[in-house]
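# Fold and contact review
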Amino acid sequence: MKAGKFEIETDELVYIPSDDTFLLAENLEIKEGQSVLEIGTGSGLVSMYASLLTDNITATDINFNALELAEKNFKLNNINTIKLEFGDLFEPIKNEKFDVILFNTPYLPTDSEDIINDDLNYAFDGGLNGRNVIERFLNEAPNHLNDKGIIQMIQSSLSDTEKTLDMLDNLGFIAEVAKSERFFFEEIVLINAYKI
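Worth saying up front: this structure is predicted, and the values here are computed from it rather than measured. (Residues numbered from 1 in each chain as written. Predicted model: local features only at pLDDT ≥ 70, side-chain atom pairs only at ≥ 80, totals over all residues. Heavy atoms only, no water.)

### Side note on the overall build of the protein
How we decide: A run of H or I in DSSP counts as a helix once it spans at least four residues, and a run of E counts as a strand once it spans at least two, with each numbered from the N terminus. By definition in these notes, contact holds between two residues if any of their heavy atoms fall within 4.5 Å.
Scanning the protein for helices and strands turns up six helices and nine strands. Considering only contacts within the protein whose residues lie at least 6 apart along the sequence, 65% involve residues at least 24 apart.

So this is what it looks like as structure tokens:
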């Protein structure tokens with residue numbers, strides 16, 4: 001499949017790049033030489049876009065199928081500057097810090113009927129209010145971000161954008177909705193949060 005500037009393979013057990021993926025990928029704020037962490041890399045597409053801007057990228061995923069697919073896609077596009085790590089959120093990178101952290105969060109509110117019984121579930125399952133993973137991420141992210149670093153994250157209005165902005169404010173960030181796309185039942189937002 002052609003995905004923006006890249007050719008990628010997809011897999012039914014891995015999130016297929018969609019509008020939210022491109023909202024992040026096409027609006028990256030990365031300077032040459034900066035260190036980048038992408039959480040939940042999926043097909044690897046956002047990290048591939050990041051590789052056009054810097055060559056210091058680590059991409060993680062809790063879905064092992066995603067890491068295998070991302071590795072295939074990096075090879076398909078002759079990219080060898082992205083390090084892949086398996087694990088949940090910041091587990092794989094322990095005490096490391098980065099200049100930029102990217103995350104297309106699992107933001108959909110889900111209850112037991114919405115859960116699917118395979119690894120694809122990780123890509124969208126945000127718990128009852130859509131915020132389970134978002135709040136864990138926000139509480140841990142400052143420990144892995146260098147001073148003057150930036151978090152760029154995607155979420156939905158269904159998972160309370162204002163609450164995320166308030167949390168970031170309380171954590172000492174200057175945060176804003178940088179871009180958004182309206183769909184018939186929700187708004188997908190790109191939040192940029194600057195560590196001061």
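What follows continues from the structure just given.
### Considering the packing of helix H5 (residues 132-140) against helix H6 (residues 161-170)
Definition in use: Axis lines are fitted through C-alpha atoms, for helices just across the contact stretch, and the angle between N-to-C directions can take any value from 0 to 180 degrees. Just so you know how the angles are binned, under 35 degrees is roughly parallel, over 145 roughly antiparallel, 65 to 115 roughly perpendicular, and the rest oblique. Helix crossings get a hand from a simple test, with the near helix turned counterclockwise from the far one by less than a right angle marking a left-handed crossing and a clockwise turn marking a right-handed one. Three classes are used: nonpolar for Ala, Val, Leu, Ile, Met, Phe, Trp, Tyr, Cys and Pro, charged for Asp, Glu, Lys and Arg, and polar for all others, with Gly counted as polar.
At a minimum axis separation of 10 Å, H5 and H6 run at an interaxial angle of 15 degrees. Judged on the interaxial angle alone, H6 and H5 are roughly parallel. The element H5 and its partner H6 pack so that their crossing is right-handed. Residues Ile134, Glu135, Leu138 and Asn139 of H5 touch H6, and the partners they reach there are Lys163, Thr164, Met167 and Leu168. Partitioned by chemical class, the residues of the contact of H5 with H6 number four nonpolar, two polar and two charged.

### Observations regarding unusual backbone geometry
A positive phi angle, near 45 degrees, is found at Leu89, a position not held by glycine. Looking at where Leu89 falls in the secondary structure, it is placed in the loop between strand S5 (82-86) and strand S6 (98-104).

### Thoughts on the sheet that holds S6
The criterion, for reference: At least two bridges found by DSSP between two strands is the condition for calling them paired.
Reading across the sheet, the seven strands line up as S5-S4-S3-S6-S7-S9-S8 and stay open at both edges, with mixed pairing between neighbours. The two strands at the open ends of the sheet, each matched to only one other strand, are S5 and strand S8 (173-182). Here the average twist between neighbouring strands, direction ignored, is 15 degrees. Bridge analysis of strand S4 (residues 56-61) against S5 gives five bridges, and the strand direction is parallel.

### Digging into the pairing of strand S7 (residues 145-156)
Just so we agree on the cut-off: Note on exposure labels: buried denotes an accessible area under 20% of the residue type's maximum, exposed denotes more than 50%, and partly exposed covers the range between, all computed with a 1.4 Å probe on protein chains only.
Buried residues dominate S7, accounting for nine of its twelve residues. When S6 meets S7, the two strands line up parallel, connected through six bridges. In the sheet register, Phe98 faces S7, and the bridge partner there is Leu145. Two strands pair when backbone bridges link them, and S7 and strand S9 (residues 187-195) are joined in this way by seven bridges, in the antiparallel orientation. Among the inter-strand pairings, Ser156 is bridged to a residue of S9, identified as Ile188.

### Remarks on a negative patch on the surface
What counts, and what does not: Nonpolar side chains (Val, Leu, Ile, Met, Phe, Trp, Tyr) are joined into patches within 5 Å and like charges within 9 Å, using only residues with over 30% relative accessible area and no salt bridge. The accessible surface values rely on the Shrake-Rupley method and a 1.4 Å probe; as for residues, cover is taken only from the protein chains in view. In what follows, salt bridge is the name for a side-chain nitrogen of Lys or Arg lying within 4 Å of a carboxyl oxygen of Asp or Glu. In summary, the charge assignment counts Lys and Arg as positive and Asp and Glu as negative, without counting His or the chain termini. A charged residue contributes its charge at one atom only: NZ of Lys, CZ of Arg, CG of Asp or CD of Glu.
A cluster of acidic residues, Asp160, Glu162, Asp166 and Asp169, forms a negative patch on the protein surface. With respect to the element layout, Asp169 can be found in helix H6.

### Comments concerning the environment of Gly44
Within the secondary structure layout, Gly44 lies in the loop between strand S3 (35-39) and helix H2 (45-50). Along the primary structure Gly44 and Ala59 are separated by 15 residues, whereas in three dimensions their C-alpha atoms are 7.7 Å apart. Once residues within four sequence positions are removed from consideration, Gly44 is found in contact with Ala70 and Phe74.

### Quick word on the pairing of S9
Taken across its nine residues, S9 has seven buried, putting it largely inside the fold. Note: S8 against S9, nine bridges, orientation antiparallel. Paired with Lys179 across the bridge in S9 is Leu190. The turn joining S8 and S9, which pair antiparallel and follow one another in sequence, is formed by four residues.

### Remarks on the side chain of Asn104
Using the following cut-off: Counting of polar contacts relies on pairs of N or O atoms within 3.5 Å, with two restrictions inside protein: one atom must be capable of donating a hydrogen and the other of accepting it, and residues adjacent in sequence are counted only when both atoms are side-chain atoms.
The residue Asn104 is located in strand S6 in this model. At 3.4 Å, the side chain of Asn104 and the side chain of Asp20 are in polar contact. Setting aside anything within four residues of it in sequence, one finds Asn104 in contact with Tyr15, Asp20, Thr21, Leu24, Ile39 and Ile154.

### Considering H5
Applicable threshold: Here the arc refers to the directions that run from the helix axis out to each C-beta atom.
Looking only at H5, the buried set comprises Val133, Ile134, Phe137 and Leu138. Angular distribution of buried residues about the axis of H5 spans 130 degrees; they occupy a single face of the element. Tucked inside the fold, the buried residues of H5 contact S3, S6, S7 and H6.

### A look at the pattern of salt bridges
Enumeration according to the criterion identifies two salt bridges in this entry. Here Arg136 makes a salt bridge to Asp88, at a shortest N to O gap of 2.4 Å. Of the two residues, Arg136 is situated in helix H5 and Asp88 in the loop between S5 and S6; the sequence distance between them amounts to 48 residues. Accessibility expressed as a relative area gives 36% for Arg136, which makes it partly exposed. A salt bridge links Glu135 to Lys163, with the shortest nitrogen-to-oxygen separation between them at 3.7 Å. Highlighted residues: Glu135 in helix H5 and Lys163 in helix H6, separated in sequence by 28 residues. Residue classification places Glu135 among the partly exposed residues on the basis of a relative accessible area of 24%.

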